[in-house]
Amino acid sequence: MTRWPDLGSATPRKELVSLADGAADDGFFGPGSVTWRIGSDVASPVAGMRSLLMQALHPLAMSGAGGPSRWLQDPVARLAAVMAYLSTVTFGDRAAAMEAAARIRGSYGRVRGTNAVAGRLCVAESPDLLLWMHASLVDSVLAAASLAGTALSATDSHRFVAEMVTAAELTGVPRPLVPSSVPELDLYIASVRPTLRCTPANAASVACLLYPPGLDEDSGESWREVRDAAIAALPRWARQLYGYQTAGRAV
């Protein structure tokens, strides 16, 4: 049985508010939702890492993440933060979910950075970058479950994407802009793809995420399994942008 890394110790306790902790309500999804079912999938760490790899390709993503230096300082905590956000929005009560979404909105709602192609300063107004962060995470959950967990049926995949529209709205993205089915999600990602780049700074930060220093032997083995699965779950074009010659192997 695969042993994924234990990220609990690196996750802020206030972000892991679930029904087991005495939550005030069933949150925005509830026990009958596909979101709850897939949120418990064993491939969640793979989804988290894949989403970071996808998100980092956006020209302004690093600006919203506190800059490349924040990734380099603690890549394990970076993945833990993604896992904590997903857990809270999925299983937390409404108050906790809204608080987690507000922090994302504060980080990514309006960021400034240099366009890698045009070489000029630009500002990402909400909801552009927020929508990319959301779509990358939703797409990664589906891809990771299919590759390394329990794949959803086509019907349940559509339901999951539709349910997660609420999560995007919580971060400030207007509902009409959010993909509500798998085909809409695919079309959106395809529309953003021409703008995506792997800059030297992003490549260095992602390399630190894939090969974090200081892990013990057991954690290092588990991390490698997650890393290889996350790379394998990337679309071919994303692997090519990073220079990964084969699925599941970083070069």
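Structure first, text after, so check above.
Values in this document were obtained by computation on a predicted structure and should not be read as measured data. (Residues numbered from 1 in each chain as written. Predicted model: local features only at pLDDT ≥ 70, side-chain atom pairs only at ≥ 80, totals over all residues. Heavy atoms only, no water.)

Novice: Any details on the overall build of the protein? Residues and values, ideally.
Specialist: When helices and strands are tallied, the protein shows 13 helices and 2 strands. Taken across its 251 residues, the protein has 51% of its residues classed as buried. When contacts within the protein are restricted to residue pairs at least 6 apart in sequence, those whose partners lie at least 24 apart make up 73%. Counting every atom, the protein has about 11,400 Å² of accessible surface; 53% of that belongs to carbon and sulfur. (Helix = DSSP H or I, 4+ residues; strand = E, 2+ residues; numbered from the N terminus. Buried < 20%, exposed > 50% of the residue type's maximum accessible area, 1.4 Å probe, protein only. Contact = heavy atoms within 4.5 Å. Areas by Shrake-Rupley, 256 points an atom, 1.4 Å probe, with all protein chains shown as cover.)

Novice: Any details on the nonpolar core? Residues and values, ideally.
Specialist: Ranked by size, the top nonpolar core spans 62 residues in total, and within it Met49, Leu53, Trp132, Phe160, Tyr242 and Tyr244 carry the most contacts. With 12 residues, the top contributor of residues to this core is helix H7 (residues 128-148). If sequence neighbours within four positions are ignored, tyrosine 242 has contacts with Leu53, Ala56, Leu57, Cys198, Val206 and Leu234. (Core = buried A, V, L, I, M, F, W, Y, C linked by side-chain atoms within 4.5 Å.)

Novice: Before we move on, could you go through the pattern of salt bridges and cite the residues and values that matter?
Specialist: Evaluated as defined, the whole model comprises 7 salt bridges. Of the charged contacts, one joins arginine 50 and aspartate 139 as a salt bridge, the two residues approaching to 3.0 Å between their closest N and O atoms. Residue arginine 50 is found in helix H2 (residues 44-55), and its partner aspartate 139 is found in helix H7; the two are separated by 89 residues along the sequence. For the pair shown, arginine 50 and aspartate 139 are each scored as buried. Between glutamate 99 and arginine 103 there is a salt bridge, and its shortest N-O distance comes to 3.0 Å. Here arginine 103 and glutamate 99 lie together in helix H6 (residues 94-108), a separation of 4 residues that amounts to about one turn. Connected through shared salt-bridge partners, Arg37, Asp156, Arg159 and Glu163 make up one network. (Salt bridge = Lys/Arg side-chain N within 4 Å of Asp/Glu carboxyl O.)

Novice: Describe the packing of H2 against helix H5 (residues 75-91), and please don't skip the residues or the numbers.
Specialist: Interhelical geometry of H2 versus H5 gives an angle of 115 degrees and a closest axis separation of 9 Å. By the criterion of interaxial angle, the relationship of H2 to H5 is roughly perpendicular. Classified by chirality, the crossing of H5 by H2 is right-handed. Of H5, the residues touching H2 (which contributes Ser44, Pro45, Gly48, Met49, Ser51 and Leu52) are Arg78, Leu79, Val82 and Met83. Looking at the contact of H2 with H5, its residues break down into 6 nonpolar, 3 polar and 1 charged. (Axes fitted to C-alpha atoms, helices over the stretch in contact; angles between N-to-C directions. Parallel < 35°, antiparallel > 145°, perpendicular 65-115°, else oblique. Left-handed = near helix turned anticlockwise from the far one by under 90°. Nonpolar A, V, L, I, M, F, W, Y, C, P; charged D, E, K, R; others polar.)

Novice: Describe the side chain of serine 157, naming the residues involved and giving the relevant values.
Specialist: Tracing the chain through its elements places serine 157 in helix H8 (residues 154-163). Take serine 157: its relative accessible area is 13%, and that puts it in the buried class. Apart from residues lying up to four places away in sequence, serine 157 is in contact with Leu142, Leu152 and Val182.

Novice: Help me get a handle on the packing of aromatic side chains, residues and values and all.
Specialist: Under the criterion given, the structure shown has 3 aromatic pairs. For the pair tryptophan 132 and tyrosine 188, a centre-to-centre distance of 6.3 Å together with 45 degrees between the ring planes defines the contact as tilted. Taken as a pair, tryptophan 132 in helix H7 and tyrosine 188 in helix H10 (residues 182-192) lie far apart in primary sequence, 56 residues in all. On the basis of relative accessible area, tryptophan 132 is assigned to the buried category, the value being 0%. According to the relative accessible area criterion, tyrosine 188 is buried, its value standing at 14%. For the ring pair tyrosine 242 and tyrosine 244, a centre distance of 5.3 Å and an interplane angle of 15 degrees mean the geometry is stacked. Exposure remark for tyrosine 244: the relative accessible area of 8% places this residue in the buried category. (Phe/Tyr/Trp six-rings, centres within 6.5 Å; stacked < 30°, edge-to-face > 60°.)

Novice: How would you explain H5 if you had to name every residue and give the values?
Specialist: Helix length check: H5, at 17 residues, gives a terminal C-alpha distance of 24 Å against a target of 24 Å (1.5 Å per residue), a fit within 8%. Summarising burial for H5: 14 of the 17 residues are buried, a large majority. (Expected span 1.5 Å × (residues − 1).)

Novice: So what about the packing of H8 against H10? Which residues, and what values?
Specialist: H10 packs onto H8 with a crossing angle of 65 degrees between their chain directions and a minimal axis gap of 8 Å. Of the residues in H10, those in contact with Ser157, His158 and Val161 of H8 are Val182, Pro183 and Leu185. Here the residues of the contact of H8 with H10 sort into 4 nonpolar, 2 polar and no charged.

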